[in-house]
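# Descriptive structure summary
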Amino acid sequence: MPLDFWTTACLYGATSVAAGAFGAHGLRARGIPDAKIASWSTAAQYQLVHSAALLAVESASPGKNLLYAKSFLLAGMTLFSGSIYLLVLDPQRFKFLGPVTPIGGLALIAGWGALAVGSRGRALL
């Protein structure tokens, strides 16, 4: 079954809202320090923004068009936000994920770059 970017972006958007709500209400109750709550909030915000970007790209250019851009955005959200979530919840257990966060950030940047190159400056919407 091929990857459905629309559905995946919708699910990532929904989970970013849930993660943001948990970060705002549940983490403090667990005794998580404010700095880590801020990191969690950043992860949720990046996930939401890039979910919306992925929806826009898929809507404007469905299917295999701009496949690299879509794939980099999806991988970036997973690596960047996912690693931060796990590092905030259990830093000792998931400390090996520390280097994954910047790799996820690079994937997000690559997604935007691939979108620029793939669209060749054309307005997609």
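Parameters at a glance
- Residues numbered from 1 in each chain as written.
- Predicted model: local features only at pLDDT ≥ 70, side-chain atom pairs only at ≥ 80, totals over all residues.
- Heavy atoms only, no water.
- Helix = DSSP H or I, 4+ residues; strand = E, 2+ residues; numbered from the N terminus.
- Buried < 20%, exposed > 50% of the residue type's maximum accessible area, 1.4 Å probe, protein only.
- Contact = heavy atoms within 4.5 Å.
- Salt bridge = Lys/Arg side-chain N within 4 Å of Asp/Glu carboxyl O.
- Core = buried A, V, L, I, M, F, W, Y, C linked by side-chain atoms within 4.5 Å.

## Remarks on the overall build of the chain
If you tally the helices and strands in the chain, you get four helices and zero strands. In the chain, the succession of α and β elements from N to C terminus is α-α-α-α. For the chain, the spread of C-alpha atoms along the principal axes amounts to about 50 × 30 × 25 Å. Burial analysis of the chain (125 residues in total) assigns 38% to the buried set. Pairs at least 24 apart in sequence give 72% of the contacts found in the chain among residues at least 6 apart.

## Observations concerning the pattern of salt bridges
This model, assessed by the stated rule, comprises two salt bridges. Linking Asp34 and Arg28 is a salt bridge whose minimum nitrogen-to-oxygen distance equals 2.5 Å. With its nearest N and O atoms 2.5 Å apart, the salt bridge here joins Glu58 to Lys70. One end of the pair, Glu58, is in helix α2 (residues 34-60); the other, Lys70, is in helix α3 (residues 67-89), with 12 residues separating them in the sequence. Per residue, the accessibility class of Glu58 equals that of Lys70, and both read buried.

## Some remarks on the environment of Ser39
Mapped onto the fold, Ser39 is located in helix α2. Dropping the residues within four chain positions of it, Ser39 is found in contact with Ile84 and Val88.

## Here's the deal with the side chain of Ser51
Topologically, Ser51 is positioned in helix α2. What makes Ser51 buried here is its relative accessible area of 2%. Those residues in contact with Ser51, other than ones at most four positions away along the chain, are Ala9, Tyr12, Gly13 and Met77.

## Things to note about the nonpolar core
If you look at the biggest cluster of nonpolar residues, it comprises 18 residues, and the most contacted ones within it are Leu27, Trp40, Leu54, Tyr85 and Val88. If you list the elements that add at least two residues to this core, you get α1 (5-29), α2 and α3. Counting residues per element, this core draws most heavily on α3, which supplies seven residues. Look past the residues within four positions of Trp40 in its chain and what remains in contact with it is Ala19, Gly20, Phe22, Gly23, Leu27, Ile84, Tyr85, Val88 and Leu89. Counting five residues, the second largest nonpolar core, distinct from the first, contains Val57, Leu66, Ala69 and Ala114.

Keep in mind that these numbers describe shape and distance, not what the molecule does.
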